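Coordinate analysis (summary)
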Amino acid sequence: MRFILDFLYLFAALAYSPVIIYRAIRHKRYRTGWGQRFGKIIRRNPAKKCIWIHAVSVGEVNAAKTILKELENIHNDFEIVISTTTDTGHARATNLFGKNHQVFFFPFDFSLAMYRAFKNIRPKVCLLMELEVWPNFIDIAQQLHVPVIIVNGRISDKSFFRYGKIKPFAKIVFGKVSLVLAQTQEYASRFKEIGAPDENVIVTGSLKYDTAQITDKVEGADKVSHQLSIDNERLWIAGATGPGEEKIILDVFAQLVKREQFKDLRLVIVPRKPERFDDVAQLIGEAGFDFVRYSEFKKTDKISREKTSVILGDTMGDLRKLYCLATVIFVGRTLVPMGGSDMMEAAALGKCTIFGPHAFNFKQTVNALLENNGAIMVENQEQLLDAMQKCLARPEYAQEIARNGREVIRKNQGATQKTIEQIEKFLDTTS
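About the criteria used
- Residues numbered from 1 in each chain as written.
- Predicted model: local features only at pLDDT ≥ 70, side-chain atom pairs only at ≥ 80, totals over all residues.
- Heavy atoms only, no water.
- Salt bridge = Lys/Arg side-chain N within 4 Å of Asp/Glu carboxyl O.
- Helix = DSSP H or I, 4+ residues; strand = E, 2+ residues; numbered from the N terminus.
- Buried < 20%, exposed > 50% of the residue type's maximum accessible area, 1.4 Å probe, protein only.
- Contact = heavy atoms within 4.5 Å.
- Axes fitted to C-alpha atoms, helices over the stretch in contact; angles between N-to-C directions.
- Parallel < 35°, antiparallel > 145°, perpendicular 65-115°, else oblique.
- Left-handed = near helix turned anticlockwise from the far one by under 90°.
- Nonpolar A, V, L, I, M, F, W, Y, C, P; charged D, E, K, R; others polar.
- 1 Å grid on protein atoms, 1.4 Å probe; cavity = no way out; pocket = protein on both sides within 12 Å on 5 of 7 lines; lining within 4 Å.
- Points joined across faces, edges and corners; volume = space filled by probe spheres on them.

1. What about the pattern of salt bridges?
- Evaluation of the coordinates by the stated rule reveals 25 salt bridges.
- Here Glu233 makes a salt bridge to Arg266, at a shortest N to O gap of 2.7 Å. Taken together, the residues Glu233 in the loop between helix H12 (221-227) and strand E8 (235-241) and Arg266 in strand E9 (residues 266-271) connect sequence positions 33 residues apart. Neither residue differs from the other here; Glu233 and Arg266 are each classed as buried.
- Notably, a salt bridge pairs Arg293 with Asp278, separated by 2.9 Å at the nearest N-O pair. One end of the pair, Arg293, is in strand E10 (residues 291-293); the other, Asp278, is in helix H14 (residues 277-286), and 15 residues separate them in sequence.
- Its relative accessible area of 51% is what places Asp278 among the exposed residues.

Now the structure itself:
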C-alpha cells in the first residue's frame, strides 16, 4: 500500500511542479522549508517528551492557540512542536509560537519522509487541527504506537463528498485515528460515516469560539488608527477578501460615498493572500480612488497626512487591530465560492458583521449567528449595498446586530476545557 501511495504522490508532485515553480517565482511561495518537508526536523529540546500539533494554515493555527496555552501550563515537562502546511500558516505560527516552540513545515506524506520526521520528532501524541489526515502519517503513527487525535474536527460538504467517493479507503485511514473531537454533532456523524469508530468520536464544540476574544480594545489598534489618521469617521473593513470580491466591494463603496450622508465613510480592504496585495492595489487605482498602503506606515512609523478614501491592509497580523476600529465589517471569501473566513473574531469584538452565502467552512457559526440575529448574510452585490446603507443609516440597528453576535460567541465558548480533558487521557498513559 505504501509503495502505491508513494508512486501516486510522485506522479502528483511531477504534475503539480509547474504550478509550484510559477508560484515560487511569481508569488515567492514554497521557497523555504524544503528540508523540513522531507522530514529533516531538529527539535530544540530532544531530551523532553514531545507533543506534535499540526495546523494546516492560518485558521487552524489560530484555533490551536488556547489548546497550546493550556498544554503549556499543565505539561511543562513536554516540548510542544507545531507544523503547518502553507507559508501563511507558517508565518502566523512563527509569530504566535515561534519564540517558545519549534515551528516547521509538515513533511510530505512520502513514507520515507514521514518515517524520518517521526524518528526526529519522536512524539508521544499527535494533534491534528480540524482534519488534515494523511495515510502514511496515520499508518506510521499507529506502527510506532503514537496516538493521533483530531482536534476541533470538522468535515466540510466538499470534503465529505470527496471522502464518500473513496469510502473503503477512508474507512481504513480513519479507523486508525485514536480519537476525533468534533465541533458539532453533524461533523461527528460525518466522521463516523467515513470510517471513524463510533466510540472514538466525541463532540467538544469549536475552539474558535474560545480564541475569539470578547473585548472592546485590541492592543496596537490605537497606533494603527493614529498612523492612518482615522478619527471620528466611519470605517468599513473588508477583511480576508478573495479574488472577485474586491471589485464588488469597491463598486458598493463608490455608490455609498456618492450619498451625502455617507461622505465620511472610509474603506479598508485586507486581502486574504499576501501575493494578491499588488493586484488589489492595482484594482483600487483602476477604480479611481485615492488610497494608501498600510505597509508604508507600519515599518517606518510614519503618519498618513491625508485621509484617503481607501486603505489597503497589505500587512500580516493586523486584521484584528483594524477590525477593532470598524463601524461595519464584511468578512471575505464569502461572496465568491471559497468557503469563507473566520467571522467569530469580528462578532466577538462587538462589530456589525456581514458575509456572503459561500461560508461553508463555517457552517455551524453561520447558522448560530443568523438564528440569533447576530450577523447579516447577503447574496450578491445589490444586497450588500442595501445592508451597508441600512447599517450606516440606522446605527441602532447595526449595534443590535453587534450585541447579538457577541452574545452568540459568549454562549458557545468552553470547547478548550472539554478538549484538554480528552487529550489528558492519552498523555496520562504515555511513558
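2. With respect to the side chain of Asn200
- The residue Asn200 is located in the loop between helix H10 (185-193) and strand E7 (201-203) in this model.
- When near neighbours in sequence (up to four residues on either side) are disregarded, Asn200 contacts Val177, Ser178, Leu179 and Val180.

3. Considering the packing of helix H1 (residues 2-26) against helix H7 (residues 135-143)
- For the pair H1 and H7, the least separation of the axes is 11 Å and the interaxial angle reads 150°. Considered as vectors, H1 and H7 are oriented roughly antiparallel to each other. The crossing of H1 and H7 is left-handed. Contact with H1, carried on its side by Arg2, Leu5, Asp6 and Tyr9, involves Pro135, Asn136, Asp139, Ile140 and Gln143 of H7 and no other residues of that element.
- When grouped by side-chain class, the residues that make up the contact of H1 with H7 number 4 nonpolar, 2 polar and 3 charged.

4. Thoughts on empty space enclosed by the protein
- Summed over all chains, the structure comprises 1 cavity of 30 Å³ or more.
- Its boundaries defined by the atoms lining it, the largest cavity holds a volume of some 60 Å³.
- What lines the largest cavity is simply Glu130, Arg154, Gln183, Tyr187, Ser206, Lys208, Met344, Asn361, Phe362, Lys363, Gln364 and Thr365.
- Considering each element in turn, the lining of the largest cavity owes the most residues, 3 residues, to helix H18 (residues 363-371).
- Here the lining of the largest cavity is built from residues that sort into 3 nonpolar, 5 polar and 4 charged.

5. Observations concerning unusual backbone geometry
- For His145, which is not glycine, the phi torsion reads 60° and is therefore positive.
- Relative to the elements of secondary structure, His145 occurs in the loop between H7 and strand E5 (148-153).
- Here His145 falls in the exposed class, since its relative accessible area comes to 71%.
- Although it is not a glycine, Asn152 sits at a positive phi angle of roughly 60°.

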